[in-house]
Amino acid sequence: MYMFEYKKASSIQEAIEMASIQKGSSAFMAGGTDLLVQIKRGKKTPRFVIDLKGIREMDGYIVKEDEIIIGALTSIRTIETSSYLLKRIPLLVE
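Keep in mind it's a predicted model, so treat the numbers as computed, not measured.

Colleague: Would you take a moment to explain the sheet that holds strand E1 (residues 5–8) for this structure?
Modeller: Note: strands within a sheet are paired through backbone hydrogen bonds, in either parallel or antiparallel orientation. The parallel open sheet is built from three strands, whose spatial order is E1-E3-E2. Of all the strands in the sheet, just E1 and strand E2 (26–29) have a single pairing partner and so form its edges. Across the sheet, the mean angle separating the axes of adjacent strands is 25° when strand polarity is ignored. The pairing of E2 with strand E3 (residues 48–51) spans four bridges and is parallel. Note that in E3 the partner of Phe-28 across the bridge is Ile-50.

Now the structure itself:
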């Protein structure tokens, strides 16, 4: 089994700093499914895996005037069950 060091970031700034220190030898993980499959298949070989799941500001969506910003950690279920998004962007909810 391929070995790597696991790190958990609690903010976007912390994740950026962790990645900067590792100088290209790290990979970001949100859920992990895709990254872990790639590691098992030997397609990716990071020395450090930085978990982003605990970064609250990347989860959910923000409504600003004429735009909606959806965070990278927002689950499909959150989008699917949002009454606001259903009214504004029904195709997205579908």
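Colleague: Would you explain the pairing of strand E4 (residues 61–64) in this entry?
Modeller: Looking along a regular strand, one sees the side chains alternate between the two faces of the sheet. With four bridges joining them, E4 and strand E5 (residues 67–70) adopt antiparallel strand pairing. Each residue of the ladder has a partner; that of Lys-64, found in E5, is Glu-67. If you look at the hairpin formed by E4 and E5, you'll find two residues sitting between the two strands, and Glu-65 has a positive phi there, around 30°.

Colleague: In this structure, what is going on with the side chain of Gln-22? I would like to understand it.
Modeller: Inspection of the secondary structure puts Gln-22 in helix H1 (residues 12–22). Taking the relative accessible area as the measure of exposure, Gln-22 reaches 13% and is therefore buried. Apart from the residues lying within four places of it in its own chain, the contact partners of Gln-22 are Lys-7 and Phe-48.

Each value, and the rule that gives it
- Residues numbered from 1 in each chain as written.
- Predicted model: local features only at pLDDT ≥ 70, side-chain atom pairs only at ≥ 80, totals over all residues.
- Heavy atoms only, no water.
- Pairing = 2+ DSSP bridges.
- Helix = DSSP H or I, 4+ residues; strand = E, 2+ residues; numbered from the N terminus.
- Axes fitted to C-alpha atoms, helices over the stretch in contact; angles between N-to-C directions.
- Buried < 20%, exposed > 50% of the residue type's maximum accessible area, 1.4 Å probe, protein only.
- Contact = heavy atoms within 4.5 Å.

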